[in-house]
Amino acid sequence: MWRVRLRNTLIPKLLATALLVSAAGSAGAPQAVPNRPPLQPGVFTPLPLGAVKPLGWLRQQLRQQAAGLSGHLDEFWPPLAKDSGWLGGAGESWERGPYYADGLVPLAYLLDDAALISKANKCVGWTLENQHASGWIGPAKNRDWWPNMVMLKALTQYQEASGDARVIPLMERYFRHQLEEMPRRPLERWAIYRWQDEVLSVLWLYNRTGDRKLLDLARLLEQQGFDWQAHFDPFRYCRKLAKSETSLATHVVNNAMALKAPAVQWLVSGEAAAREALDRQFREMDRCHLLPNGAHSGDEHYAGLDPTQGTELCAIVEAVFSLVHVIAATGGAAFADRLEKLAYNPLPGTFTGDMWAHQYDQQANQVLSSIHPRAWTTNGPESNLFGLEPNFGCCTANMHQGWPKFAANLWMAAPGGGLAAVAYGPSQVSAAVRGGATAILRAETAYPFRDRIRFSVRSPAKATFPLHFRIPAWAEGATLTINGKKSPGVKAGTFHCVERAWAPGDRMELTLPMGPRVTRWHHGSIAIERGPLVYSLKIGEDWRKIRDKAPAADWEVYPTTPWNYALRINEARPDRSVEVIEKPLGAMPFSARGAPVELRVKGRRLPEWKLENGSAGPLPESPVESAQPLETLTLIPYGSAKLRITAFPWLKK
Ligand SMILES: [Zn+2]
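Report follows, based on the coordinates. A quick note: this is a predicted structure, and the numbers were derived from the prediction, not measured.

Okay, the overall build of the chain next. Assigned secondary structure in the chain consists of 20 helices and 25 strands. The globule rule puts the C-alpha radius of gyration for 653 residues at 26 Å, and the 24 Å found for the chain is close to it. With the principal axes as the frame, the chain shows a C-alpha extent of 75 × 60 × 60 Å. Taken across its 653 residues, the chain has 61% of its residues classed as buried.

This paragraph deals with the nonpolar core. Generally speaking, a soluble globular protein has its nonpolar side chains buried in company with each other. Leu47, Trp403, Trp411, Leu441 and Met508 are the most contacted members of the largest nonpolar core, which has 201 residues in total. Residue contributions to this core peak at 14 residues, all from helix α16 (residues 313-330). Other than its neighbours up to four places away in sequence, Met508 contacts Leu441, Ile453, Arg454, Phe455, Val457, Leu467, Phe469, Leu480, Thr481, Ile482 and Trp502.

The strand order across the open sheet built from seven strands is β2-β7-β8-β9-β14-β11-β12, with neighbouring strands paired in antiparallel fashion. Pairing within the sheet leaves two strands with one partner each, and these edge strands are β2 (52-54) and β12 (485-486). Across three bridges, the pairing between β2 and strand β7 (residues 427-432) is antiparallel. Note on β7: the bridge partner recorded for Lys53 is Gln428.

On to helix α14 (residues 261-269). Within α14, eight of the nine residues are buried, leaving the element largely enclosed by the surrounding structure. Restricting attention to buried positions, one finds in α14 the residues Ala261, Pro262, Ala263, Val264, Gln265, Trp266, Leu267 and Val268. Buried residues along α14 sit against α10 (195-209), α11 (213-224), α12 (228-231), α13 (252-258), α15 (272-289) and α16.

Another aspect to go through is the coordination of the zinc ion. Reference values for coordination geometry: four tetrahedral donors around a metal ideally subtend 109.5 degrees, six octahedral donors ideally subtend 90 or 180 degrees. Around the zinc ion, the protein contributes the donor atoms Glu312 (OE), Cys314 (SG), Cys394 (SG) and Cys395 (SG), at 2.0 to 2.3 Å from the metal centre. Around the zinc ion, the four donor atoms are arranged such that angles at the metal cover 96 to 120°; this shape is classified as tetrahedral. Counting along the primary sequence, the residues that act as donors to the zinc ion give the motif E-x1-C-x79-C-C. Given the relative accessible area of 7%, Cys394 is considered buried. You can call Cys395 buried: its relative accessible area is 0%.

Okay, the pattern of salt bridges next. Per the counting criterion, the structure on display carries 38 salt bridges. Two residues, Glu382 and Arg547, come together in a salt bridge whose shortest N-O distance is 2.6 Å. Separated by 165 residues along the polypeptide, Glu382 in the loop between β4 (361-363) and α19 (394-398) and Arg547 in strand β18 (residues 541-549) bring together distant segments of the chain. For Glu382, a relative accessible area of 22% translates into the label partly exposed. By relative accessible area, which is 28% here, Arg547 ends up partly exposed. Put simply, Asp102, Lys153, Glu318 and Lys405 are held in one network by salt bridges that share partners.

Here the focus is the layout of surface pockets. Its boundaries defined by the atoms lining it, the second largest pocket holds a volume of some 480 Å³. Lining the second largest pocket are 29 residues; nearest its centre among them are Leu290, Gly294, Asp337, Arg338 and Lys341. Looking at the lining of the second largest pocket, the elements that each hand over two or more residues are α13, α15, α16, α17 (333-344) and β15 (516-520). The element best represented in the lining of the second largest pocket is α17, accounting for five residues.

Once that is clear, we can look at the packing of α15 against α16. Following both chains from N to C, one finds α15 and α16 inclined at 140°, their axes separated by 12 Å at the closest point. One finds that α15 runs oblique with respect to α16. Read as a crossing pair, α15 and α16 show a hand that is left-handed. Between α15, through Arg275, Leu278 and Phe282, and α16, the contact on the second element is made entirely by Leu323, Val326 and Thr330. Grouping the amino acids of the contact of α15 with α16 by side-chain chemistry returns four nonpolar, one polar and one charged.

Turning next to the sheet that holds strand β1 (residues 45-46). Spatial strand order, β1-β5-β6-β10-β13: five strands in an open sheet with mixed pairing. What marks the edges here is a single partner per strand, and that holds for β1 and β13 (494-502). Alignment of β1 against strand β5 (residues 411-414), held across two bridges, turns out to be antiparallel. Each bridged residue has a counterpart across the sheet, and for Thr45 the counterpart in β5 is Ala413. Lying on the sheet, α17 is in contact with β10 (463-471) and β13; it crosses β10 at an angle near 65°.

Turning our eyes to something else, we now look at empty space enclosed by the protein. Tallied over the entire structure, the rule returns three cavities of 30 Å³ or more. Roughly 620 Å³ of internal volume is contained in the largest cavity. Elements supplying a minimum of two residues to the lining of the largest cavity: β1, α7 (145-162), α10, α14, α16 and α20 (402-408). Sorting elements by how many residues they give to the lining of the largest cavity places α10 first, with seven residues. Partitioning the lining of the largest cavity into residue classes produces 20 nonpolar, nine polar and five charged.

Attention now goes to the state of the cysteines. On inspection of all chains with the given rule, the structure shows one disulfide. A sulfur-sulfur separation of 1.9 Å characterises the disulfide bridge that pairs Cys238 with Cys288. Since a negative S-S torsion denotes a left-handed disulfide, the Cys238-Cys288 link at about -100° is left-handed. Placement of Cys238 in the loop between α12 and α13 and of Cys288 in helix α15 is noted, with a sequence separation of 50 residues between them. Exposure remark for Cys238: the relative accessible area of 34% places this residue in the partly exposed category.

This brings us to the packing of aromatic side chains. All chains considered together, the criterion is met by 33 aromatic pairs. With 5.2 Å between their ring centres and 80° between their planes, Tyr344 and Phe406 make a pair best called edge-to-face. Taken as a pair, Tyr344 in helix α17 and Phe406 in helix α20 lie far apart in primary sequence, 62 residues in all. Take Tyr344 and Phe406: they sit in the same class, and that class is buried. Taken together through their ring pairs, the aromatic side chains of Trp57, Tyr344, Trp403, Phe406, Trp411, Tyr424, Tyr447, Phe449, Phe455, Phe469 and Phe590 make up a single cluster.

What counts as what
- Residues numbered from 1 in each chain as written.
- Predicted model: local features only at pLDDT ≥ 70, side-chain atom pairs only at ≥ 80, totals over all residues.
- Heavy atoms only, no water.
- Helix = DSSP H or I, 4+ residues; strand = E, 2+ residues; numbered from the N terminus.
- Rg over C-alpha atoms; globule rule 2.2 N^0.38 Å.
- Buried < 20%, exposed > 50% of the residue type's maximum accessible area, 1.4 Å probe, protein only.
- Core = buried A, V, L, I, M, F, W, Y, C linked by side-chain atoms within 4.5 Å.
- Contact = heavy atoms within 4.5 Å.
- Pairing = 2+ DSSP bridges.
- Donors = N, O, S within 2.8 Å, 3.2 Å for Na, K, Ca; no water.
- Tetrahedral: all angles 85-135°; square planar, octahedral: opposite > 155°, others 65-115°.
- Salt bridge = Lys/Arg side-chain N within 4 Å of Asp/Glu carboxyl O.
- 1 Å grid on protein atoms, 1.4 Å probe; cavity = no way out; pocket = protein on both sides within 12 Å on 5 of 7 lines; lining within 4 Å.
- Points joined across faces, edges and corners; volume = space filled by probe spheres on them.
- Axes fitted to C-alpha atoms, helices over the stretch in contact; angles between N-to-C directions.
- Parallel < 35°, antiparallel > 145°, perpendicular 65-115°, else oblique.
- Left-handed = near helix turned anticlockwise from the far one by under 90°.
- Nonpolar A, V, L, I, M, F, W, Y, C, P; charged D, E, K, R; others polar.
- Disulfide = S-S within 2.5 Å.
- Phe/Tyr/Trp six-rings, centres within 6.5 Å; stacked < 30°, edge-to-face > 60°.

Read these as spatial facts, not as claims about activity.
See below:
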């Protein structure tokens, strides 16, 4: 109580916001809004923002994000500051304001942070207050459909969390306008390639109002949009592209957003071809551009399989968002494995531990972060710096959605009034289940750094509903106990469903064995994975501030220890050559010093493998030989290692 009274005295405006939020929350349990016919129902349904709350280390990670650039960028970065067109000013009026809103809204509401909620509300408030008579939204000087697509995405989340009654009428007017306007003023440039993201907002509204005209708009967006299915059938870009071959169709962010395009088309049309196209698209992108960190290369166009090629941060956060919707549509456990791999490796790997700096392009093998022309397809020499806006400011505006979208979708609604644990992290879900009761479940865990997740049922008094637990494909031998009793039939690579009468005090314990695994990559190289984490060589880091941009800064990072090692691994029994050492889980797990797990492996240096153009030189074809002494090497989680080798050559027996 004292805290509320303090706020009441000092910051009455913030208290008012907090009360508004709790009033919205008390209206009933957050309830998923299922797809309305004739849409395909999909397997799972995302829960409204606010149904899932991060706990434990994950909450701390989001707090770290809020204490870093995400919570302060609008205070000093001109595109978001007070002359932003999205706040009524004469400044930046394109995508940056909406991008920021799309990440800040979920971050603020997940943290229930009154000051941050007030900022997030401001980001969407001007748009809500200033709709044009025609129905158009946003700054008058913007005539591009694309940034509005992002603002709509932010508004849907804001409506779910706040219950603000202005959102739905605004969207109805905007979509009516768009349906009239698009035949004479079609999608252009970026909007052509990103149409599927707006379809999600159109379907969101259709599920709430049932207005069939919205389905016409969804189809029109698809018709005017790029045909991603044809682009991948056959796929003509299975290599690193020359600059002259690049186009918006080969752009890594467009491709990350398009990962969900066939799933979105399937929801609207129900055509089996769209489901096949979804699998083909992932298969082709993996075959041609998948890196050992779980990301597709693109710096910022298709860049092939070499682990010194980069991936733009926008593509990581957009792939996280795409996968959420692919999982909901298909219920595919393998897509959820991918989601965790992205969220727990390349997402944190491209930020400093305190989240005050980020890279534009990260590399799986990144032995130097510096201003240097690298072999990117099109990006500039500053792309792998850690900074405020290295190379270009899109990621500075768009990066905020990564962690919040992941945390908000750890749980989803499942068929039969059930719930699904789609991805794992410490969290609490509160949602309506079969019969309308409110279920509250908690997951307590240090996953992905530890192998055990303890679930408890806190409410309702008693209700029968199905609970689906994802068993990752790597978790051979996984076990689930319910009140101490083993649940039969747990199988890796599936969702394990338990339907029973649940009651407060029920305890479930899921153990996902994390034996080390060896996976094969470019030039026969190997990566060491364990659970959802990829492990990288820990390289000594010398951080050099090259520009002060207070309160932010730009940094180069120089290696202080050797990196050119080949590993000696028993590939058939990696557990025999990898020693696992658990360290305390502290406040900054995604930093070299705070790494909560270390692996010890053996290797020898390869003197001929040298730095070339600022990156590790061509990866030697494995197996390799070395006369250098055998050394004990330390690997840490990819996300903790800001300099790293992830794809290693390996030594001939
Ligand atoms: Zn970007």
